[in-house]
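Commentary on secondary and tertiary structure
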Amino acid sequence: MLLIREWFSRILGAFRGGRSDHDLEAELGSHLEMSSDEARRRAGGSEAVPPPSSMRAAGLAQAMDALRDQRSVPWLDDVVQDVRYACRGMVRNRGFAATALITLAVGVAMTATVFSVVDNVLLKPLPFPAADRLVRVWEEHPGGTPITNDRWLSNRTFWAWLDHPRTIDVLGGFGTYEYTVAIDDDSVRMFGAEGSPQLLGAVGAKVVAGRLFSDEEAEQGADRVVLVGESMWRDLLASDPHVIGRSIRIDDEPRTVVGVVAADFAFPDRRARFWLPYVVPRVSTDPKLNQRTSGLSTIGRLAPGATAAQAEAEGTVAARSVPITMSTELFFGKGGPPVVHAVSLLADQTATVRPALWVLAAAASCILLIACANVANLLLSRGVARQRELAVRAAIGAGRRRLARQLITEAALCAVLGTIGGLAITWALVRVLPAMAPARFPRLEEVHVNLRVLALAAASAVVATLASGLVPAIRGARLDLFESLHGGGAASAGGSRVNRYRDLLLGAEAAFAALLLVGAALFARSLIRLTHVDPGYTADQVLTARALLPRSASPDRTSNLIDRVLTASRSLPGITAAGAGTMMPLLPNTAMTTFRIPAAVAAEGLIQTRQVTYIVTPGYAEAIGLRLQQGRLFNAGDVGAGIRPMIVNDEFVRRYFPQATMIGRRFRNLYPSDPPMDTEIVGVVAAVLKDGNDRRPEPEVYFVHGTGNRRIVGTVNFVMRTSVDPSTVTAAVRGVIHETDRTATIGTVEPLADKVSTSIAQPRFATTVLVAFAGTALLLASIGLYGVLSYAVSQRRRELGVRAALGASRVQLLYLILTEGLSVTLMGLAVGLVASAALTRFMQAALFGVGPLDATSFAAAPVALIVVAMAACLRPAIHAASVDPAQALRTE
Amino acid sequence: MAGKPRVDVLQGTLDMIVLQTLLTLGPSHGYAIAARLEQVSHGSLRLNMGTLYPALMRLEQRGLIRGKWVVTESSRNARSYRLTAAGKRQLSAERDGWERMASIIHLLLRGEG
């Protein structure tokens, strides 16, 4: 306790918290005075016999040293003194200090922010128990074209695998969907999820009331049950204490609430507010019963000790043990023997952002390296400028270690302050990030600056310290006193070794900047390609609206709704065309059909086609702006005609009927289950990139609603072309639907352009960030170049003066400095381009329509770098050209 | 006084000696403490400034004594120290310890007799 008090005082003492030197000297002085008084008194008051003054002085000095040591902690005292000295130096050289600190803060902030995101999004385990054992499982039939981009396991494989599983202990289906939930008389659209009972348990579902599902409840024909989430229970069920056993209608089916799930359960994602049992259809061996294959989104949990590869092998054996039927081929395409894949759930969920995030992480690292090089250069330049000062301090007795320590302290102070600044910026960035990022960016709400990121920032500060402090420190310790004091300092200062080191740093900055510029150019070009792809429709000035009728509603009611809504909305001011369809661009549902039809050349017999199949009303094509290439679109006369008109797209023609005339081609009984009716191709349109601009065109066909059994039932997608801003007619369209059929639930009503914008939000965000990074890199590199050149010019005034005196023209001096600055940049640029050529292929997964060695990008980056470098060199060069020889020579 | 043999302060006893002196004298300055010790020891215990003042500073840092500037009777400025309550407690603890130790050493040295 006493010791703690003493050390506390002594640590305070190191920060000038103790008694002042003056106070101590006064006390010792008073002691000596009293000692003299005493001596005088003893000698009889006549003559003072003071001790010799040299002895007194020695005693005083020795006592003062002992007191100073006792007052504080000697080594801490030195550190505090060094830090004070460094702070004074910073305040004196404000411009220098600000540049160094801001550079470092920006570098640290960008790295720390991006790594916060990487850590939270890509690396942190999912919030489920045994998350590292969860794998996404699906099967592939190599060579076959699956019905959609979803990855499925067939129900046949599922049950075959679960017969005797060894590598997995849980296998279950899951999915998030939007449902119509009716409680009492209110109905709302909301997201819910399906999950197999065992899977829900495995991912950690906990009830706060009631119970989870039993396995039997996921069998076909079982009682219909539902688990509600705490938020839904609170918001929609008024926290009803007797909710267990209550019945609510979900998609028009009554379901009994069996449990309330704790609020922190976010499976498969945060959108889900209630859970239904996932029913995996069993495959009957009785040919009269259900033999249809269905596809399931599946998650498995690896048995303890089993690997994903072992699960893949076991799953593949199961998939190959079941028959492949027509309906299997509809889902998975006609391909080779199936192969089962098992990929870590975390990797799977973050797959869409993973490539771009790693690119950004690499980019941020480059920025940090540039920042460190910049600070090193600044400190180095300053170290050279201070050579004289250091020499003087060495001459009056400061040890080399002491000087080196002083220099390292300055660098460390720089690093610490820069890091603190960087962390403050990071803290702010991480807070605003979720608002800036695209809506469907996974796991971003979980991002915060965590301890690992703090450690990373501290590590980068250490790197910065070592990089920027060591070199001047080593140079400082090696000072040659005579040369520095005598040799006119500045003119000979630096020396070739420092210059080489400085050029190396500048070159490295240029190289990293070039690398980032190439990366940003690639991203930007990729984004431009993505937004300039012709998607086969015109999204501008289109309003989309989704209406859902209860499952019990008859098909005629759907037709009735469509007719009346279309008629009413066509008369609304601002709406120029309106139609409805089973599908529309950028909505996830896809309907596929297969036809067996005569080939273009009769001798080839029947061919099997697979195509995305739309059922639309007349007006749909005009409203969404399909590109008619041949023939005609649908018109009102097509409905109920004796012949079924069909429109196909160019991809359908290219794949199945190359070099054949399509218009007027007729097929008999396309749908064996329909009443006999001929189908005639009346038009060819361009392919619609339904699932996003980055997708490949698929064969598509269109039928008219109401021909044969082709009709829109239940869910209707209205599409309306407007002559005004589509969002202004949103309310009117909602009103029309609501008035037409009050039992219809209205889904999202939004401009199609908004959907398009959302669909490319992720690449746009990544591009924005990377371009910002490249700009920062360019700025930092040019600051470094400017700083070093300005400094070099100021140090070489004498040499420049001599050159001017000997007849060098201003242009020649300008040229001299410009070439010096640019040669370093060009060397760095060359290295940067070579590195880019080697590294950009790792960006491939994040690029669209642009190769990793895209010539335009590789040409644009050097232009930007050279222009900025020239701008940075210009002022120092002009400064050099304006040196007055007489004055420059006189100052020395 | 040259004839008297000088003794060194026994390791670890300086703090106790200073505290005891302050208890005896009441608040006093460094010179008075040194003078008192010299007087009590008949000149064989002489503390130099480099020993005494760091000890006073240490005791003050530990909160056992408190110093303040005063004007002495001979109208000199001096820093006077007084025992704090903690100082008194510490002194009595150290004195007990010392007395126990001293009696043990006493017994040990005259063990046979």
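Conventions and cut-offs
- Counting of residues starts from 1 at the beginning of each chain's written sequence and follows it residue by residue.
- Throughout, the order in which chains and ligands are written sets their labels, letters from A for the former and numbers from 1 for the latter.
- Per-residue local features of the predicted model are confined to residues with pLDDT of at least 70, and side-chain atom pairs are confined, for both listing and counting, to 80 or more; whole-chain, interface and lining totals are unaffected and use all residues.
- Hydrogens and waters are ignored; side-chain quantities use all the structure's heavy atoms.
- Under the scheme used here, helices are H or I runs from DSSP no shorter than 4 residues and strands are E runs no shorter than 2 residues, and both carry numbers assigned from the N terminus.
- The buried label applies to any residue whose accessible area, calculated with a 1.4 Å probe on protein chains only, is under 20% of its type's maximum; exposed applies above 50%, and partly exposed to all values in between.
- For this analysis, residues touch if any pair of their heavy atoms sits within 4.5 Å.
- The Shrake-Rupley method, run with a 1.4 Å probe, gives the accessible areas here. Residue values count only the displayed protein chains as cover.
- In this charge count, Lys and Arg are treated as positive and Asp and Glu as negative; neither His nor the chain ends contribute.
- The location of each charge is read from NZ of Lys, CZ of Arg, CG of Asp or CD of Glu.
- Computed with a 1.4 Å rolling probe, the buried area is the accessible surface lost when two parts are put together, summed over both parts.
- Any Lys or Arg side-chain nitrogen located within 4 Å of an Asp or Glu carboxyl oxygen qualifies as a salt bridge.
- Polar contacts, as counted here, are pairs of nitrogen or oxygen atoms within 3.5 Å of one another; within protein the pair requires one atom able to donate a hydrogen and one able to accept it, and residues that are adjacent in sequence qualify only if both atoms are side-chain atoms.
- Under the convention adopted here, Pro, Cys and the residues Ala, Val, Leu, Ile, Met, Phe, Trp and Tyr are nonpolar, Asp, Glu, Lys and Arg are charged, and Gly plus all remaining residues are polar.
- Expected span of a helix, by definition, is 1.5 Å for each gap between consecutive residues, and there is one gap fewer than residues.
- Two rings from Phe, Tyr or Trp (for Trp, the six-membered ring) form a pair when their centres are within 6.5 Å of each other. A pair whose planes differ by under 30 degrees is stacked, one over 60 is edge-to-face, and the rest are tilted.
- Charges are assigned to positions over rings by a cutoff of 6 Å between ring centre and Lys NZ or Arg CZ, combined with an angular limit of 35 degrees from the ring normal.
- In this analysis an axis means a line fitted to C-alpha atoms, helices contributing only their contacting stretch, and an angle means the value between N-to-C directions, from 0 to 180 degrees.
- Here a crossing is called left-handed whenever its near helix is offset anticlockwise from the far helix by less than a right angle, and right-handed whenever the offset is clockwise.
- For every residue, the pLDDT score states the predictor's confidence, bounded by 0 at the bottom and 100 at the top.
- At least two bridges found by DSSP between two strands are what make those strands a pair.
- Like charges are joined within 9 Å and nonpolar side chains (Val, Leu, Ile, Met, Phe, Trp, Tyr) within 5 Å, but only among residues with over 30% relative accessible area and no salt bridge; these make up the patches.
- The rule for a disulfide is simple: a pair of cysteine sulfur atoms within 2.5 Å.

Some details on the overall build of chain A
- In terms of helices and strands, chain A carries 27 helices and 23 strands.
- Referenced to the eigenvectors of the C-alpha coordinate spread, the extents of chain A come out at roughly 140 × 80 × 60 Å.
- Burial status across chain A gives 50% buried among its 892 residues.
- Taking the intrachain contacts of chain A between residues at least 6 apart in sequence as the baseline, contacts between residues at least 24 apart amount to 81%.
- When the accessible surface of chain A is summed, it comes to about 40,900 Å², and 59% of that surface belongs to carbon and sulfur atoms.

Quick look at the overall build of chain B
- Looking only at helices and strands, one finds four helices and three strands in chain B.
- Each helix (α) and strand (β) of chain B, taken in turn from the N terminus, gives the series α-β-α-α-β-β-α.
- Overall, the C-alpha framework of chain B stretches about 55 × 40 × 20 Å when taken along its three principal axes.
- Taking all 113 residues of chain B together, 39% fall into the buried category.
- Taking the intrachain contacts of chain B between residues at least 6 apart in sequence as the baseline, contacts between residues at least 24 apart amount to 49%.
- Of the roughly 6,800 Å² that chain B leaves accessible, carbon and sulfur atoms contribute 54%.
- For chain B, the separation between the mean place of its 16 positive charges and that of its 9 negative charges on side chains is 7 Å.

Points about the interface of chain A and chain B
- Across the contact, 28 residues belong to chain A and 23 residues belong to chain B.
- With both sides pooled, the region where chain A packs onto chain B buries about 2,400 Å², and carbon together with sulfur makes up 61% of that total.
- Here chain A and chain B share four salt bridges between them.
- Among the salt bridges present, the one from Arg62 of chain B reaches Glu6 of chain A, with a minimum N-O distance of 2.6 Å.
- Connecting chain A to chain B are nine residue pairs in polar contact (both at pLDDT 80 or more).
- Residue assignment for the side of chain A that touches chain B shows that the elements contributing at least two residues are α1 (2–14), α2 (21–42) and α3 (53–71) of chain A.
- If one sorts the elements of the side of chain A that touches chain B by residue count, α2 of chain A sits on top with 13 residues.
- Counted by class, the side of chain A that touches chain B contains eleven nonpolar, seven polar and ten charged residues.

Section: helix α4 (residues 74–92) of chain A
- Between its terminal C-alpha atoms α4 of chain A stretches 27 Å, which fits the 27 Å expected from 19 residues at 1.5 Å a residue.
- Residues of α4 of chain A that are buried include every one of Leu76, Val80, Asp82, Ala86, Gly89 and Met90 of chain A, and no others.

Digging into the packing of aromatic side chains
All names here are of chain A.
- In this structure the tally under the stated criterion is 16 aromatic pairs over all chains.
- Measuring from ring centre to ring centre gives 6.3 Å for Phe595 and Phe703, while their planes differ by 75°; the resulting arrangement is edge-to-face. Of the two residues, Phe595 sits in strand β15 (residues 592–598) while Phe703 sits in strand β21 (residues 700–704), which places them 108 residues apart along the sequence.
- With 6.1 Å between their ring centres and 50° between their planes, Phe657 and Phe667 make a pair best called tilted. Of this pair, Phe657 sits in the loop between α20 (650–656) and β19 (666–668) while Phe667 sits in strand β19, placing them ten residues apart in sequence.
- Relative accessible area serves as the criterion here: at 0%, Phe657 is assigned to the buried category.
- For Phe667, a relative accessible area of 3% gives the class buried.
- Here a set of aromatic residues connected by ring pairs shows up, and it is made of Phe128, Phe174, Phe265, Phe267 and Trp275.
- Looking at Arg10, its charged tip hangs above the ring of Trp7, at a distance of 4.6 Å from the centre.

Topic: the packing of helix α23 (residues 761–795) of chain A against helix α25 (residues 810–839) of chain A
All names here are of chain A.
- Two elements in contact, α23 and α25, have axes separated by 11 Å at closest approach and are oriented at 145°. Viewed along their axes, α23 and α25 form a crossing whose handedness is right-handed. Seen from α23, the contacting residues are Leu785, Leu789 and Val793; seen from α25, they are Ile817, Gly821 and Thr825.

Considering the confidence of the model for chain B
Residue and element names in this part refer to chain B.
- Chain-level statistics for chain B give a pLDDT mean of 86 and a share of 91% at 70 or above.
- The secondary-structure element of chain B with the lowest mean pLDDT is helix α2 (residues 30–40), recorded at 90, while strand β3 (residues 77–83) shows the highest, at 93.
- Scoring of the predicted complex yields 0.74 for pTM and 0.88 for ipTM.

Remarks on unusual backbone geometry
- Residue Pro268 of chain A is bonded to the preceding Phe267 of chain A through a cis peptide linkage, with omega at -5°.
- With respect to the helices, strands and loops of the structure, Pro268 of chain A is situated in the loop between β8 (253–261) and β9 (274–277).
- Its identity is not glycine, yet His42 of chain B carries a phi of approximately 55°, on the positive side.
- Here His42 of chain B is to be found in the loop between α2 and α3 (49–61).
- According to the relative accessible area criterion, His42 of chain B is exposed, its value standing at 57%.
- Positioned with a positive phi, Ser75 of chain B is a non-glycine residue whose angle comes to about 45°.
- Judged by relative accessible area, which is 61%, Ser75 of chain B ranks as exposed.

Structural notes on the pairing of strand β14 (residues 575–581) of chain A
All names here are of chain A.
- Most of β14 sits inside the fold, with six of its seven residues counted as buried.
- Bridge analysis of β14 against strand β22 (residues 715–722) gives six bridges, and the strand direction is antiparallel. If you follow Ala577 over to β22, its bridge partner there is Arg721.

Let's talk about a nonpolar patch on the surface
- Residues Leu3, Trp7, Ile11 and Phe15 of chain A make up a contiguous nonpolar surface patch of roughly 400 Å² in combined accessible area.
- Turning to its location among the elements, Leu3 of chain A is positioned in helix α1.

Description of the state of the cysteines
All names here are of chain A.
- Summed over all chains, the structure comprises zero disulfides over all chains.
- The thiol sulfur of Cys87 is not disulfide-bonded, and the nearest other cysteine sulfur, from Cys414, lies at 11 Å.
- Among the residues examined, Cys87 registers a relative accessible area of 33% and is labelled partly exposed.
- Lacking any disulfide linkage, Cys366 is separated from the closest cysteine sulfur, that of Cys372, by 12 Å.

Brief notes about the sheet that holds β3 of chain B
All names here are of chain B.
- Ordered in space as β1-β3-β2, the three strands form an open sheet in which the pairing is antiparallel. Among the strands making up the open sheet, the edge pair consists of β1 (28–29) and β2 (65–71).
- Looking at chain direction, β2 and β3 are connected through seven bridges and run antiparallel. Residue pairing for β3: Gly67 is matched across the bridge by Tyr81.

Examining the pattern of salt bridges
All names here are of chain A.
- Inspection of the entire model under this criterion finds 49 salt bridges over all chains.
- In this structure, Arg68 engages Asp21 in a salt bridge whose closest nitrogen and oxygen atoms are separated by 3.3 Å. Here Arg68, found in helix α3, pairs with Asp21, found in helix α2; they are 47 residues apart in sequence, far enough to count as distant.
- Two residues, Arg796 and Glu799, come together in a salt bridge whose shortest N-O distance is 2.8 Å.

Focus: the confidence of the model for chain A
Residue and element names in this part refer to chain A.
- Looking at chain A, pLDDT values average 85 and 91% of them are 70 or higher.
- Averaged pLDDT values for the elements of chain A fall to 52 in helix α16 (residues 481–486) and rise to 96 in helix α19 (residues 620–624).
- Note that pLDDT drops below 50 for residues 487–494; the model gives that stretch 14 contacts with residues more than four away or on any other chain.

Brief notes about the environment of Arg273 of chain A
All names here are of chain A.
- By the secondary structure assignment, Arg273 is in the loop between β8 and β9.
- Counting along the chain gives 43 residues from Arg273 to Glu230, while the straight-line C-alpha distance between them is 8.0 Å.
- A polar contact of 3.3 Å, which involves the side chain of Arg273, links it to the side chain of Ser231.
- Among the polar contacts listed, one links the side chain of Arg273 to the side chain of Asp235, at a separation of 3.0 Å.

Brief notes about the side chain of His29 of chain B
- You can see His29 of chain B is positioned in strand β1.
- Excluding residues within four positions of it along the chain, His29 of chain B makes contact with Met34 of chain A together with Thr72, Ala78, Arg79 and Ser80 of chain B.

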